[in-house]
Amino acid sequence: MSFQMRVLCVVVLAIFAAGAGSAQGVSIGWTLMPEWAPPIDGSWPGGADLDGDGDIDLLVSQSYSGLRNDGGCLVGPWSSNPGWCDGLPGSGECTGPELELADLDGDGDADLLVGCFYGSILFFENTGTEVEPEWTRNDDYFHTTFSNFRAPAAADLDGDGDLDIVSGVSAGASHLIVYWNEGTPDNPVWVEDRDFFSSLTPVGTSVEPNFADIDQDGDLDLVAFPIGHDNAPPNVYENIGSAMSPMWMENPGLLSGVDPVHSYYGAVLHDLDCDGRPDLLMFVIDEGAYDVRCYRNDGPMTPVQPTSWGVIKAMYR
């Protein structure tokens, strides 16, 4: 065995030994921030900066409403902007829409994915600007159908610089399907993958996936909110792999301090207070009433050095 290989084995053993006493993974504390909460106006929110002022605004589905964050990094007050919803599909096109905002085509403004209860995911390109969105449906860019509930999320899961799409569904072993973009942001090639999340068994008739670097270690973690399963906590998975090769470990400690509720009706994980950490906003039903819950992420302020297997191999390649 070469010297480099012996050193690599020692490093790997040391890391596994260090982690043996912390099998539950990283723990991140959260603080309830009721003063951040927008008005209760629908459900299934999507979050992005829609007016170019550097903070997170919201689109909310069902009756469709736009909620502008007028407080900047102080989060709120929120004002209504119904013009942000012009061009979105009506109930004849899409029942029970679930929204995801992300710059899929890489042109600098937020585009929109709309998941429909009866199985379609529709793509709406932002043909406006980063300060005044206009939505134009573009099935040539992305369009897929499947049975029952669809809850889309956009995330770069393979570290190739473009966004992939993950769909929560109400059928299948894992409730999560990946559509890898094997092209480019402006010329996508979508490849469906039903096996990538097959090892996960989230609770819920269906789930709504959300991705963010909760623990600030340089890769994306996963929170899958249960739909149709009352009083179930979120399904929380820490990425113990890398940004290019995720490995998921169930770890409720990533949401330590987030109180359970009766039912979830959509959530976003975004940096609401501009401190570099993703915060949590949820539309819920609890104690028989609709509510919006906002939590501040009190985890590390700066990224920690990742120690995934991929990083270790790269160090001694």
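Residues numbered from 1 in each chain as written. Predicted model: local features only at pLDDT ≥ 70, side-chain atom pairs only at ≥ 80, totals over all residues. Heavy atoms only, no water.

Asker: Could you give me a rundown of the overall build of the protein, with the residues and numbers involved?
Answerer: Along the protein, the regular secondary structure elements total two helices and 21 strands. Within the span of the protein, comprising 317 residues, buried residues form 51% of the whole. Here the analysis covers contacts within the protein between residues at least 6 apart in sequence; of these, 49% occur between residues at least 24 apart. (Helix = DSSP H or I, 4+ residues; strand = E, 2+ residues; numbered from the N terminus. Buried < 20%, exposed > 50% of the residue type's maximum accessible area, 1.4 Å probe, protein only. Contact = heavy atoms within 4.5 Å.)

Asker: Any details on the nonpolar core? Residues and values, ideally.
Answerer: If you look at the biggest cluster of nonpolar residues, it comprises 18 residues, and the most contacted ones within it are Trp30, Ile214, Leu280 and Met282. Once residues lying within four places of it in the same chain are set aside, the contact partners of Ile214 are Ile28, Trp30, Asp221, Val223, Leu254, Leu269, Pro278 and Asn297. In terms of nonpolar packing, the next biggest core, distinct from the first, is built from 17 residues, Trp84, Leu88, Cys94 and Leu101 among them. (Core = buried A, V, L, I, M, F, W, Y, C linked by side-chain atoms within 4.5 Å.)

Asker: A description of the sheet that holds strand β3 (residues 57–61) should follow, citing residues and the corresponding values.
Answerer: Strand order in the open sheet formed by four strands is β2-β3-β4-β5, and the pairing between neighbours is antiparallel. Among the strands making up the open sheet, the edge pair consists of β2 (43–48) and β5 (78–80). Taken over all neighbouring pairs, the strand axes of this sheet differ in orientation by 25 degrees on average, direction set aside. Looking at chain direction, strand β4 (residues 65–69) and β5 are connected through three bridges and run antiparallel. Along β5, the bridge assignment pairs Asn69 with Trp78. (Pairing = 2+ DSSP bridges. Axes fitted to C-alpha atoms, helices over the stretch in contact; angles between N-to-C directions.)

Asker: Tell me about the confidence of the model for the protein, and please be specific about residues and values.
Answerer: Chain-level pLDDT for the protein is 87 on average; 86% of the residues reach the 70-or-more range. Predicted confidence is poor over residues 1–23, with pLDDT under 50, and the contacts of this stretch with residues over four places away or in other chains come to 13 contacts. Here residues 304–317 is modelled with pLDDT under 50, and outside its nearest four sequence neighbours on either side it reaches 18 contacts, counting other chains as well. (pLDDT = per-residue confidence, 0-100.)

Asker: A description of unusual backbone geometry should follow, citing residues and the corresponding values.
Answerer: Residue Gly76 is joined to Pro77 through a cis peptide bond whose omega torsion reads 10 degrees. Note on placement: Pro77 falls in the loop between β4 and β5. Even without being a glycine, Gln62 presents a positive backbone phi close to 75 degrees. Locating Gln62 in the fold gives a position in the loop between β3 and β4. By relative accessible area, Gln62 is classed as partly exposed at 41%.

Asker: An account of the pattern of salt bridges is requested, with residue identities and associated values reported.
Answerer: If you walk through the whole model with that rule in mind, you get eight salt bridges. A salt bridge links Asp51 to Arg68; the shortest N-O distance between them is 3.2 Å. In this pair, Asp51 is assigned in the loop between β2 and β3 and Arg68 in strand β4, connecting sequence segments 17 residues apart. The network of salt bridges with shared partners includes Glu93, Arg137 and Asp139. (Salt bridge = Lys/Arg side-chain N within 4 Å of Asp/Glu carboxyl O.)

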